[in-house]
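Structural features, examined
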Amino acid sequence: MRAAVLHEIGQDKLEVLDDVEAVGFGPGRVRIRVRATGLCHSDLSAMSGVLPQPAPFVPGHEGAGEILEVGEGVTRVKPGDRVVVCWLPACGACPACKRGQTELCLAGFMNAGTPNFRRPGGDVFGFAGTGTFAEEVVVDAGCAVPIPDDVPFDIAALIGCGVTTGLGAALNTADVEAGSSVAVIGCGGVGISAVQGARLKGAAEIVAVDPVASRREAALKFGATQAVAPDELAAAKQLVTGGEGFDYVFEVVGRSATARTAYDNTRRGGTLVVVGAGAMDDHLQLNMFELFFDEKRILPSMYGGGDVLRSYERTIALWRAGRIDLSGLITHRVPLAEINEALDQMRTGAALRTCIEI
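For every chain, the first residue of its written sequence is number 1, and the numbers climb from 1 along that sequence. At least 70 in pLDDT is required for a residue's local features to be given in this predicted model, at least 80 for side-chain atom pairs to be given and counted, and no such filter applies to totals for whole chains, interfaces and linings, which use all residues. With hydrogens and water set aside, each side-chain value is computed from the structure's full complement of heavy atoms.

As annotated in an unreviewed UniProt entry, the chain is Alcohol dehydrogenase from Streptomyces asoensis. As recorded by UniProt, the Sequence similarities (unreviewed entry) comment attached to the chain reads in full: "Belongs to the zinc-containing alcohol dehydrogenase family." UniProt positions are given in the numbering used here, feature names are shortened, and annotations may be inferred rather than shown by experiment. What UniProt states about the chain under its Cofactor (unreviewed entry) heading is, verbatim, "Zn(2+)".

All right, on to the pattern of salt bridges then. One speaks of a salt bridge when a side-chain nitrogen belonging to Lys or Arg is within 4 Å of a carboxyl oxygen belonging to Asp or Glu. For the structure on display, the rule yields 19 salt bridges. Between arginine 118 and glutamate 21 there is a salt bridge, with its nearest N and O atoms 3.8 Å apart. Of this pair, arginine 118 sits in strand β8 (residues 117-119) while glutamate 21 is found in strand β3 (residues 21-22), placing the two residues 97 residues apart along the sequence. A salt bridge links glutamate 62 to arginine 353; the nearest nitrogen and oxygen atoms lie 2.9 Å apart. Taken together, the positions of glutamate 62 in strand β6 (residues 62-70) and arginine 353 in strand β19 (residues 353-357) put the pair 291 residues apart, joining distant regions of the chain. Secondary structure elements are defined from DSSP: runs of H or I of at least 4 residues count as helices, runs of E of at least 2 residues count as strands, and each element is numbered from the N terminus.

Looking now at the packing of helix α1 (residues 41-48) against helix α12 (residues 339-348). Interaxial distance between α1 and α12 falls to 10 Å at its minimum, and their mutual angle equals 100°. Between α1 and α12, the angle is such that the two are roughly perpendicular. The segment α1 lies against α12, with His41, Leu44 and Met47 engaging Leu343, Met346 and Arg347. Residues are sorted three ways: Asp, Glu, Lys and Arg are charged, Ala, Val, Leu, Ile, Met, Phe, Trp, Tyr, Cys and Pro are nonpolar, and all the rest, Gly among them, are polar. Among the residues making up the contact of α1 with α12, the classes are represented as four nonpolar, one polar and one charged. Geometry is summarised by axes, namely lines fitted to C-alpha atoms with helices restricted to the contacting stretch, and by angles between N-to-C directions that run from 0 to 180 degrees. Any angle that falls under 35 degrees is termed roughly parallel, while one over 145 is termed roughly antiparallel, one within 65 to 115 roughly perpendicular, and all others oblique. For this analysis, residues touch if any pair of their heavy atoms sits within 4.5 Å.

With that settled, the discussion passes to the nonpolar core. Core analysis: the biggest nonpolar cluster contains 100 residues, and Val30, Ile32, Phe133, Val182, Phe250 and Ile356 have the highest contact counts within it. The contact partners of phenylalanine 250, leaving out residues within four places of it in the chain, are Ala169, Ala170, Ala174, Val176, Val182, Ala183, Val184, Ile185, Val273 and Val275. We call a set of buried residues a nonpolar core when its members are Ala, Val, Leu, Ile, Met, Phe, Trp, Tyr or Cys and they connect through side-chain atoms within 4.5 Å of each other. Summary of the burial criterion: residues with accessible area below 20% of their type's maximum are buried, those above 50% are exposed, and those between are partly exposed, where the area comes from a 1.4 Å probe applied to protein chains only. If you look at the next biggest cluster of nonpolar residues, it comprises twelve residues, including Val207, Val209, Ala236 and Val249.

See the structure below:
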C-alpha cells in the first residue's frame, strides 16, 4: 500500500512509497482504510524533532475512514463502520481516567513506541501511534471512534485533532465567560477553532493575532472582532482593554516567546491558556514575584482539556446546528502523492487546514 514516510528526523520532505505494510493486527485491534486526513502543525513538529518521535515514521494523526477488519474481542465497531481516528484513546483504568481526566491518559502514548508499519528495509513507526498519511492503518480498537453517516470524512478528520483541541481550549479549559475579552495568538486551524469556541461562549471581544494576512482575514469570518499582526497587539490591547490586558489569552503557537507575549497581554487575575505543543528544551521564564503579584492563571490545554469522546459528540452536534463552521477550515485539498505541497502550505501559513485525500 502507499504511505508517506519520513526517513530521518530533520528532513523536510516526505517520500510517498508503495511498499509499506500496516502491521500489528490481532485481538483488540482494527484495520482502517483511511479516506481523509488533515495536516496538523504537530506533524511538522515531529518531523523537525520539536516533538519526540522515533523514525522512520509515517506522519499524520488527524484522520477518518472506514473499518476494514476487526480483531478478536472487538465489539464496538464492525467492518464498514465509518470512524474518526483518536490518537489519544482513554484506557478507562489508569488514575487519570478514574479521575475523569481522560485527556491525560498515557495509554495512547505507549503505542508510539511500537511500529505500525513495515517496509522491506525494516520497521516504520506511525506518528502518535497512528500514522494517517497512509492508505491503511492498524490501531487499537479504542482509537476508532464511530461517527454518524452524515459526517463527511474530511470533516470527521478535523474533529480528530485540531477542532477538538481549539474548541476544547475555550469551552473546557478556559470556560470563557460571556462578555469577556479574548486574544488568540496563532490563527491556523487550531487557533481559528479557539476563536469559534470563544464566540460560542459569548466573548464580547475576540482579537486574533497572526503574522499572515490571509489568516487574519479568515479569523474575522469565523468570529473574531479584530485581527492584527503581532506588532499591532499592544495597540489592540490598549483599544479593547484600556491597557489592562485581556481576560483570556490563548497561545496556539507552542513557543516560549509567544507564551511570554501571551502572559504579558493577560490582565492581572486573567487566564493564559497554553494550547500550542512546544519543544522540551524551550523554557518559559517567569519570575516568582510576578507569579505571586499578578495572580494570572496559567492553564495548559491538552487535546482540548476534556473527555475526548464527549468533545467529538459535542462538536458534531454544534456543526449540525450550524453553530460552528468546519468545512470553511479546509482551505486546500491535495492527493497523497502531493503531500509535500501540503507541507509547504502549512509552513508558509497559506492554509488553515489542508485535507489530504487518500
